[in-house]
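# Structural characterization, general
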Amino acid sequence: MDITHRPPEVNPAVSRRAPPATPKASTSAPAPVRASAPVEALAERRLGLVLLGLVLALGAGLRLHRALHDDGIYWPDEVYQSLEPAHRLVYGYGLIAWEFVEGARNWALPALVAGVLGLGRLLGLDEPSGYLALVKGFFALVGTATAWATWRLSRASGASSLGASAGAALFALAVVPLYFGPRAMSENASALPVALGLALALPRGVSRRALVTGASLLGLSVLLRLQNGVFCVGLLGVLLARRQWREAGVTLGVLSGWALTFGLLDKLTWGRWFHSAFVYLDFNLVQGKAAQFGTEAFDYYPRILRRAMPGLSLLTGALALLALPRAWGLSTLAVGFVVLHAYQPHKELRFLVPVMPLFAALAGLGLDSVLGMLRGFPARATATVAVVAGALMSAAGAGALTFGELGQYERVRPKDSAWDDQGSVNRLLVFAGRQDDVCGLKVESVHLAWAGGYSYFHRNVPLYPHSGPGRGSGLFSHVITRAGYEGAGATVARDGPLALVKLSGAGCVPDPGYSWRLP
């Protein structure tokens with residue numbers, strides 16, 4: 001039964017518990033006010049589902065649009081920890097980042113992306129323009145499904161259809177999840193199993209099947225991103241705090257099985273049980289080497305969220321705070337995840353993507369508490385639509401998003417657009433890969449880590465960095481360089497400030513010392 005927010009006198013479902021009805025009372029005619037309650041409940045439920053459908057459709061459309069029209073890179077990880085190793089699995093060649101030299105990552109995420117690439121190959125999408133759109137579209141739809149999982153989590157926590165639909169909007173249309181949505185990153189891939197897993201496993205009184213499925217989804221999220229182990233430990237802690245001993249035992253057993261799966265995957269791919277976890281934790285926690293990529297203060301995350309979504313982040317936080325009395329367990333998991341990340345010196349906004357559905361679901365529950373204080377369907381509908389409109393306003397401003405607003409490159413180029421960064425070099429990589437006479441390529445305009453690698457080039461010939469051999473070495477036939485630096489070569493294509501240049505001379509000499517390692 002849908003629990004709506006009518007005052008107690010017109011909504012028996014939320015009124016104070018009454019004494020059990022006597023048999024005589026059960027045969028009496030219902031009061032008129034009680035007969036009207038289901039009609040009002042149905043209207044609110046229908047509005048909630050309509051809003052949910054609109055939010056999901058719009059969120060999917062915006063994500064797919066960016067997937068098909070943005071060739072840029074936010075951070076090298078979206079290529080070299082997913083696309084490039086997946087390309088190497090499917091097509092047999094690709095640059096190798098240090099994580100896949102030392103074994104600091106497991107192969108779950110590359111295997112997932114390789115599955116999408118393999119499907120594309122079967123469908124005839126074996127060129128970058130086809131398979132890159134397929135991969136980005138896949139992640140865009142995963143982001144949309146995460147918005148639906150946000151709705152499920154909010155409903156499972158006790159929110160009405162109206163409140164939960166507003167919560168889904170706060171994830172589906174908020175500019176930060178929109179920006180990261182189509183990118184092949186572990187944070188995006190793992191947010192869906194986190195939200196759906198908690199929706200199934202966290203509520204009281206769930207069935208054994210739901211508990212096992214939910215815990216399994218959380219275990220899967222850890223394979224995709226190790227940091228999601230915080231949610232697994234948190235779920236066990238909540239169940240123990242509630243004294244749900246049997247549920248805690250079942251959850252521990254399921255998560256232990258997924259931990260063994262993690263270890264076995266590392267054993268099969270790296271030769272040692274839990275190898276990637278040991279190397280990753282040693283690099284980041286013991287040696288603290290992640291700090292070489294930049295460090296930020298403890299308040300980085302709230303500061304950047306206020307900058308990226310000034311109104312929406314405050315609204316979400318305020319509504320989530322109202323949900324604390326009704327969902328202390330979910331609130332503890334969400335806040336704990338953020339605090340643990342805030343204590344790490346190296347911070348990036350994308351690290352919070354897996355927890356954003358939790359805050360959105362809590363906000364939906366908090367809105368539900370507000371709706372309970374409003375009388376009448378029009379007032380509750382107006383409040384709900386207002387929250388959805390706030391999320392829509394955030395999405396409307398997405399095109400003006402800058403790196404400074406995302407907390408990236410703050411000290412170098414904070415005013416630069418966050419969209420299509422390095423898109424010119426990636427489009428020229430695709431174009432170069434189509435040339436019949438290319439036998440080697442050097443990218444002079446940018447470090448290879450900020451280019452798309454063989455995932456975009458898609459040609460099994462040497463790809464040299466800006467610090468590689470000179471033009472006179474004879475090892476490559478083409479270069480990507482800035483306009484004005486073409487030299488004696490012939491310009492084949494231009495894109496923005498860059499040019500693809502064919503060097504004078506015929507062919508390339510072999511390079512027996514060519515390294516596939518990303519510089």
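Quick summary incoming for the structure in this document. (Residues numbered from 1 in each chain as written. Predicted model: local features only at pLDDT ≥ 70, side-chain atom pairs only at ≥ 80, totals over all residues. Heavy atoms only, no water.)

### Examining the overall build of the protein chain
As a reminder of what qualifies: A run of H or I in DSSP becomes a helix once it reaches four residues, and a run of E becomes a strand once it reaches two; helices and strands are each numbered from the N terminus. Burial status follows relative accessibility: with a 1.4 Å probe on protein chains alone, a residue under 20% of its type maximum counts as buried, one over 50% as exposed, and anything between as partly exposed. Contacts are residue-level and defined by heavy atoms, with any inter-residue pair within 4.5 Å sufficient. Method for areas: the Shrake-Rupley scheme with a 1.4 Å probe, in which residue coverage is limited to the protein chains shown. Charge counting treats Lys and Arg as positive and Asp and Glu as negative, with His and both chain ends excluded. One atom stands in for each charge, and that atom is NZ of Lys, CZ of Arg, CG of Asp or CD of Glu.
Along the protein chain, the regular secondary structure elements total 20 helices and five strands. A buried classification covers 53% of the 519 residues belonging to the protein chain. The long-range share in the protein chain, meaning contacts at least 24 apart out of those at least 6 apart in sequence, stands at 71%. Total accessible area on the protein chain is roughly 22400 Å²; 64% of this is exposed by carbon and sulfur atoms. Across the protein chain, the mean location of the 46 positive side-chain charges is 11 Å away from that of the 32 negative side-chain charges.

### Observations regarding unusual backbone geometry
Positioned with a positive phi, Tyr409 is a non-glycine residue whose angle comes to about 55°. Structurally, Tyr409 is set in the loop between helix H18 (377-396) and helix H19 (423-433).

### Looking at helix H7 (residues 161-172)
Test applied: Any helix carries an expected span of 1.5 Å times its number of residues minus one.
Between the first and last C-alpha of H7 there are 16 Å, a value that for 12 residues agrees with the 16 Å anticipated at 1.5 Å per step. Across the 12 residues of H7, 12 count as buried, placing the element largely inside the fold. Residues Ser161, Leu162, Gly163, Ala164, Ser165, Ala166, Gly167, Ala168, Ala169, Leu170, Phe171 and Ala172 constitute the buried set of H7.

### What about the pattern of salt bridges?
Side-chain pairs of opposite charge can arise whenever the charged atoms involved come near each other. Under the convention used in this document: Counted as salt bridges are all cases of a side-chain nitrogen of Lys or Arg within 4 Å of a carboxyl oxygen of Asp or Glu.
On inspection of all chains with the given rule, the structure shows 20 salt bridges. We note a salt bridge from Asp421 to Arg413, for which the minimum N-O separation is 2.9 Å. Counted as one network, the salt bridges with shared partners bring together Asp77, Glu187, Arg225, Glu348 and Arg350.

### A short note on the nonpolar core
Note on soluble globular proteins: their nonpolar side chains tend to be buried together. Keep this limit in mind: Note on terminology: a nonpolar core comprises buried Ala, Val, Leu, Ile, Met, Phe, Trp, Tyr and Cys residues joined through side-chain atoms within 4.5 Å.
Core analysis: the largest hydrophobic core is formed by 144 residues, its most contacted members being Leu358 and Leu463. The element best represented in this core is helix H17 (residues 356-371), accounting for nine residues. Membership of the second largest hydrophobic core comes to five residues, among which are Ala149, Ala195, Leu196 and Leu217.

### Examining the sheet that holds strand E2 (residues 463-464)
Hydrogen bonds between backbone atoms are what pair the strands of a sheet, whose relative direction is either parallel or antiparallel. Selection rule: Strand pairing is assigned whenever DSSP detects at least two bridges linking the two strands.
Pairing is mixed across the open sheet formed by five strands, whose spatial order is E2-E1-E3-E5-E4. With partners counted over all chains shown, the strands left at the sheet margins are E2 and strand E4 (490-495), one partner each. By the bridge criterion, three bridges tie strand E1 (residues 441-443) to strand E3 (residues 478-482) in an arrangement that is parallel. Bridging from a neighbouring strand, Val443 pairs with Ile480 of E3.

### So, the state of the cysteines
Here is the rule: In plain terms, two cysteine sulfur atoms within 2.5 Å form what is called a disulfide here.
Taken as a whole, this structure holds one disulfide when the rule is applied. Disulfide pairing is shown between Cys439 and Cys508; the S-S distance is 1.9 Å. Between Cys439 and Cys508 the sulfur-sulfur dihedral comes to about 75°; the bridge is accordingly right-handed. Of this pair, Cys439 sits in the loop between H19 and E1 while Cys508 sits in the segment after strand E5 (498-502); the two residues are 69 residues apart in sequence, bridging distant segments of the chain.

### Here's the deal with helix H10 (residues 208-224)
Its 17 residues place the ends of H10 25 Å apart at the C-alpha level, agreeing with the 24 Å of an ideal helix rising 1.5 Å per residue. For H10, a buried count of 12 out of 17 residues is recorded, marking the element as mostly surrounded by other parts of the structure. Within the span of H10, buried status applies to Ala210, Leu211, Gly214, Ala215, Ser216, Leu217, Leu218, Gly219, Ser221, Val222, Leu223 and Leu224. Elements that come into contact with the buried residues of H10 comprise helix H5 (108-122), helix H9 (186-201), helix H11 (229-241) and helix H12 (245-270).

### Focus on the packing of helix H16 (residues 328-342) against H17
Worth spelling out the cut-off: Here an angle of 0 to 180 degrees is reported between the N-to-C directions of two axes, which are lines fitted to C-alpha atoms, with helices fitted over the stretch in contact. Here is the rule for handedness: rotate from the far helix to the near one, and if that takes an anticlockwise turn smaller than a right angle the crossing is left-handed, while a clockwise turn gives right-handed. Charged residues are taken to be Asp, Glu, Lys and Arg, nonpolar residues to be Ala, Val, Leu, Ile, Met, Phe, Trp, Tyr, Cys and Pro, and polar residues to be all remaining types, Gly included.
Remark: H16 packs on H17, axes separated minimally by 10 Å, with the N-to-C direction vectors making an angle of 140°. With respect to the hand of their crossing, H16 and H17 are arranged in left-handed fashion. Along its contact with H16, which presents Leu330, Ser331, Leu333, Ala334, Val335 and Val338, the element H17 presents Leu358, Phe359 and Leu362. In the contact of H16 with H17, the residues fall into eight nonpolar, one polar and no charged.

### A word on the packing of aromatic side chains
Our working rule: Classification of ring pairs rests on two measures: the distance between centres of Phe, Tyr or Trp rings, Trp counted by its six-membered ring, which must be within 6.5 Å, and the angle between planes, read as stacked under 30 degrees, edge-to-face over 60 and tilted in between. In this scheme, the term charge over a ring applies when either NZ of a lysine or CZ of an arginine sits within 6 Å of the ring centre and within 35 degrees of the ring normal.
Scanning the entire structure with this criterion turns up 24 aromatic pairs. Plain terms: the ring middles of Phe262 and Phe274 are 6.3 Å apart, the flat faces sit at 15° to each other, and that makes the pair stacked. One end of the pair, Phe262, is in helix H12; the other, Phe274, is in the loop between H12 and helix H13 (275-286), and 12 residues separate them in sequence. You can call Phe274 partly exposed: its relative accessible area is 28%. On the basis of an interplanar angle of 80° and a centroid distance of 5.2 Å, the ring pair of Tyr514 and Trp516 is categorised as edge-to-face. Judged by relative accessible area, which is 15%, Tyr514 ranks as buried. The aromatic ring of Tyr179 is capped on one face by Arg183, whose charged end is 4.2 Å from the ring centroid.

This is a description of form; function is not addressed.
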